[in-house]
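# Fold and contact review
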Amino acid sequence: MKHASINKNNMLDVKPLIADEGQKFTLCLEQELSPNLIGNNPYKFLGFAKLDATAVYSDGAVNIEGSLIVPMEYICSRCGANFKQNLFIEVCEKVLDGNSDGEHFEIRGDKIDVFEMINELVASNIPNSVLCKEDCKGICQICGKNKNEEDCECEISVGANNPFGLLKDKIN
Ligand SMILES: [Zn+2]
Ligand SMILES: [Zn+2]
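This section reports on the structure supplied with the text. Keep in mind the model is a prediction, meaning the values are calculated, not measured.

## Quick notes on the overall build of the chain
Regarding its fold elements, the chain presents four helices and nine strands. Mapped in sequence order, the helices and strands of the chain form the string β-β-α-β-β-β-β-β-β-β-α-α-α. Counting only residues that meet the buried cut, the chain has 15% of its 172 residues in that class. Sequence separation of at least 24 residues holds for 55% of the intrachain contacts in the chain that already meet a minimum separation of 6.

What follows is the structure, encoded as structure tokens:
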């Protein structure tokens, strides 16, 4: 497979793709991310975003398909623990020549701004809430212990007849 031509600003040169319509070009690169992309969430990027994709020109558009992986440090929304996990983003973009509908990326001056595409994909895929594990037990509302680390007796003393016990079940 041929390699796509990318300059140091991660601009993809579309001309070789157009000259070789239907041919798949590998599009693999790493990109440093600005912490601003995380927004107000208390997370961190632990490394570069890795794009592993192919680009092919056909029917007046460049189709970019593959994956984007970002190593992240998250804070669990339920128990507050830090944990590391890769953010996995499926990439499936149809890039048209000069359509400014605002929804798609565009080919501008024979180039696709892959730098901007990666930034936008990462920013729009940062989750607003994450769990350290699917069955995270969270923090006990009564004694404040992290219930993943140790059990407490609070559940037992707050019976089903206690209205706060019921309320707590609904919240969780
Ligand atoms: Zn948790
Ligand atoms: Zn407790």
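## Comments concerning the nonpolar core
Leu12, Val14, Leu27, Ala55, Val62, Ile112 and Ile118 are the most contacted members of the largest nonpolar core, which totals 25 residues. Elements that contribute at least two residues to this core include exactly strand E3 (24–31), strand E5 (49–58), strand E6 (61–75) and helix H2 (114–125). Filtering out sequence-adjacent residues up to four positions away, Leu27 remains in contact with Ala4, Leu12, Leu51, Ala53, Thr54, Ala55 and Ile64.

## Here's the deal with the pairing of E3
Two elements, strand E1 (residues 2–3) and E3, share two bridges in a ladder whose sense is parallel. Its bridge partner lying in E3, His3 is registered against Thr26.

## Digging into the pairing of E5
Burial of E5 is one-sided: the residues Ala49, Leu51, Ala53, Ala55 and Tyr57 facing one way are buried, the residues Lys50, Asp52, Thr54, Val56 and Ser58 facing the other way are not. Bridging between E3 and E5 involves eight bridges; their strand directions are antiparallel. Residue Leu29 lies in a different strand from E5, and its bridge partner there is Leu51. The turn linking E5 back onto E6 is made up of two residues, and Asp59 within it adopts a positive phi angle of 50°.

## Some details on unusual backbone geometry
Of note, the phi angle at Asp59 is positive, near 50°, even though the residue is not glycine. Along the polypeptide, Asp59 turns up in the loop between E5 and E6. Residues other than glycine seldom take positive phi values, yet Asp110 does so here, at roughly 65°. Here Asp110 shows up in the loop between strand E8 (106–107) and strand E9 (111–113). With 14 C-beta atoms packed within 10 Å, Asp110 lands in the partly exposed category.

## Some remarks on the environment of Gly109
Its location among the elements puts Gly109 in the loop between E8 and E9. It is 9.8 Å that separates the C-alpha atoms of Gly109 and Lys15, two residues lying 94 residues apart in sequence.

## Considering H2
Here H2 is 12 residues long and its end C-alpha atoms lie 16 Å apart, about the 16 Å a rise of 1.5 Å per residue gives. Those residues of H2 that sit buried are Val114, Met117, Ile118 and Val122. Across the axial projection of H2, the buried residues extend over an arc of 125°, all falling on one side. Turning to H2, the residues buried within the fold contact strand E2 (11–13), E3, E5, E6, strand E7 (82–97) and E9.

## So, the environment of Phe105
Position of Phe105 among the secondary structure elements: in the loop between E7 and E8. The class for Phe105 is partly exposed, based on 19 C-beta atoms found within 10 Å. Sequence spacing of Phe105 and Lys94 is 11 residues, and the spatial spacing of their C-alpha atoms is 7.6 Å. Apart from residues lying up to four places away in sequence, Phe105 is in contact with Glu93, Val95, Ile112 and Met117.

## A closer look at the environment of Cys152
Structurally, Cys152 is set in the loop between H2 and helix H3 (154–157). According to the C-beta neighbour criterion, Cys152 is partly exposed, with 14 such atoms within 10 Å. In the structure, Cys152 is positioned 10 residues away from Ile142 in sequence and 9.5 Å away in space, judged by C-alpha atoms.

Rules used throughout
Residues numbered from 1 in each chain as written. Chains lettered and ligands numbered in written order. Predicted model: local features only at pLDDT ≥ 70, side-chain atom pairs only at ≥ 80, totals over all residues. Helix = DSSP H or I, 4+ residues; strand = E, 2+ residues; numbered from the N terminus. Buried ≥ 20, exposed ≤ 12 C-beta atoms within 10 Å, placed from the backbone. Contact = placed C-beta atoms within 7 Å. Core = buried A, V, L, I, M, F, W, Y, C linked by C-beta atoms within 7 Å. Pairing = 2+ DSSP bridges. Expected span 1.5 Å × (residues − 1). Arc of directions from axis to C-beta.

This is a description of form; function is not addressed.
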